[in-house]
Amino acid sequence: MSDKEKIQAGNMLEVRDLDVTFRSTGKHAVHSISLDMAYGERLGLVGESGSGKTVTAMAISGLIERNNVQMSGTVHFDGTNLMTCSRHELRNIQGRDIGVVFQEPMTSLNPLKRIGNQVEEALRIHTDLSAEERKKRALDALEMVGIPDPEGTYQKYPHQLSGGQRQRAMIASAMVIHPKLLICDEPTTALDVSVQAQILELLQQLSEEYGVGILLISHDLKVIKKLCERVYVMYRGDIVEHGETQQVFEHPAHEYTQHLIAAIPKRERKNG
């Protein structure tokens, strides 16, 4: 089935009654939530710190340590239930079909490894490509994300790059194997405003050119508005509102969504 046919046939991601409680603290982080995401869609998940949005994203990606939580519900990704599949199958899906970009690349990138080595990691694990082929794919990925000197950057260490370049390198690492879903957890929070806009523009470009679905996690509704077609609003572990981003932004139904919008300066609300 082609990607176009899949888009017409149904959702890439279907979450039903996802419930997450941490065993160590007893904190009930996510309360039986459900959400859908189509192939190639740009979807936002917004809420303040502690709302459960990052826990939801980590559960969807399979990166949450199963021994540390009590989870129930289903997470169907591209037809596979990630909650019940084997660890081997989950690892294959994580590296091949789901890419993750975190908030602060300096804590995600290994400071002792060159950028090229880190961008190639998924290729080493999930393909049989030769070292020469892996390097070519890595250079292509660095060019794809708008890094001006891919060859030079390939040889550098993370501390030698600016914050924006490090985030682009993280996106290249996630995109090098051409995943179906890119989960971005607060990818612009640590960047200044001008670089934020560049990263959001890059994500939109990747979505449109390569058909990758993007799940954008943010506490900032104006960031969601710039990139996402639809949005789910989370508050204290619940989804309290969802719909087309423009509709939710202009006609918020829930008091918490209204609070998020009211927190945006009027000038940015009007121009964003």
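Definitions and cut-offs
Residues numbered from 1 in each chain as written. Predicted model: local features only at pLDDT ≥ 70, side-chain atom pairs only at ≥ 80, totals over all residues. Heavy atoms only, no water. Pairing = 2+ DSSP bridges. Helix = DSSP H or I, 4+ residues; strand = E, 2+ residues; numbered from the N terminus. 1 Å grid on protein atoms, 1.4 Å probe; cavity = no way out; pocket = protein on both sides within 12 Å on 5 of 7 lines; lining within 4 Å. Points joined across faces, edges and corners; volume = space filled by probe spheres on them. Nonpolar A, V, L, I, M, F, W, Y, C, P; charged D, E, K, R; others polar. Contact = heavy atoms within 4.5 Å. Salt bridge = Lys/Arg side-chain N within 4 Å of Asp/Glu carboxyl O. Buried < 20%, exposed > 50% of the residue type's maximum accessible area, 1.4 Å probe, protein only.

As a further point, take the sheet that holds strand β1 (residues 11-22). Pairing in this open sheet of four strands is antiparallel, and the strands run β2-β1-β4-β5 from one edge to the other. Looking at strand neighbours, the two that pair on one side only are β2 (28-38) and β5 (80-81), the edges of this open sheet. Relative to strand β4 (residues 69-77), β1 is paired through eight bridges, and the arrangement is antiparallel. Within the sheet, the bridge partner assigned to Leu13 lies in β4 and is Phe77.

Space inside the largest pocket adds up to approximately 710 Å³. Looking at the largest pocket, it is lined by 23 residues, and the ones nearest its centre are Gln94, Val100, Glu121, Ala122 and Ser173. Split into classes, the residues belonging to the lining of the largest pocket amount to nine nonpolar, 11 polar and three charged.

We now examine empty space enclosed by the protein. Applying the stated rule across the entire model yields one cavity of 30 Å³ or more. Roughly 40 Å³ of volume is contained in the largest cavity. Considering the residues around the largest cavity, the lining is formed by Ala59, Gly62, Ile64, Arg66, Met71, Leu82, Met83 and Leu90. Partitioning the lining of the largest cavity into residue classes produces six nonpolar, one polar and one charged.

Mapping Thr56 onto the fold places it in helix α2 (residues 53-61). Discounting chain neighbours no more than four positions away, the residues touching Thr56 are Leu18, Val30, Ile33, Leu45 and Met234.

It is worth spelling out the pattern of salt bridges at this point. A complete count under the given rule lists 10 salt bridges for this structure. Residue Lys180 pairs with Asp78 through a salt bridge whose shortest N-O separation is 2.5 Å. Taken as a pair, Lys180 in the loop between α9 (163-175) and β7 (181-185) and Asp78 in the loop between β4 and β5 lie far apart in primary sequence, 102 residues in all. Here Lys180 falls in the partly exposed class, since its relative accessible area comes to 26%. For Asp220, the salt bridge goes to Lys222, with nearest N and O atoms at 2.8 Å. Residue classification places Asp220 among the buried positions, given a relative accessible area of 15%. Three or more residues joined by partner-sharing salt bridges are found here, namely Glu120, Arg124 and Arg134.

Burial of β7 is extensive: five of the five residues sit out of reach of the surface. The alternating pattern of β7 places Leu181, Ile183 and Asp185 and Leu182 and Cys184 on opposite faces, both of which are buried. In this sheet, β7 lies alongside strand β6 (residues 98-101) in parallel orientation, the contact comprising four bridges. Paired with Ile98 across the strands is Leu181, a residue of β7. Note: β7 against strand β8 (residues 213-218), five bridges, orientation parallel. By the bridge assignment for β8, Ile183 is matched with Leu215.

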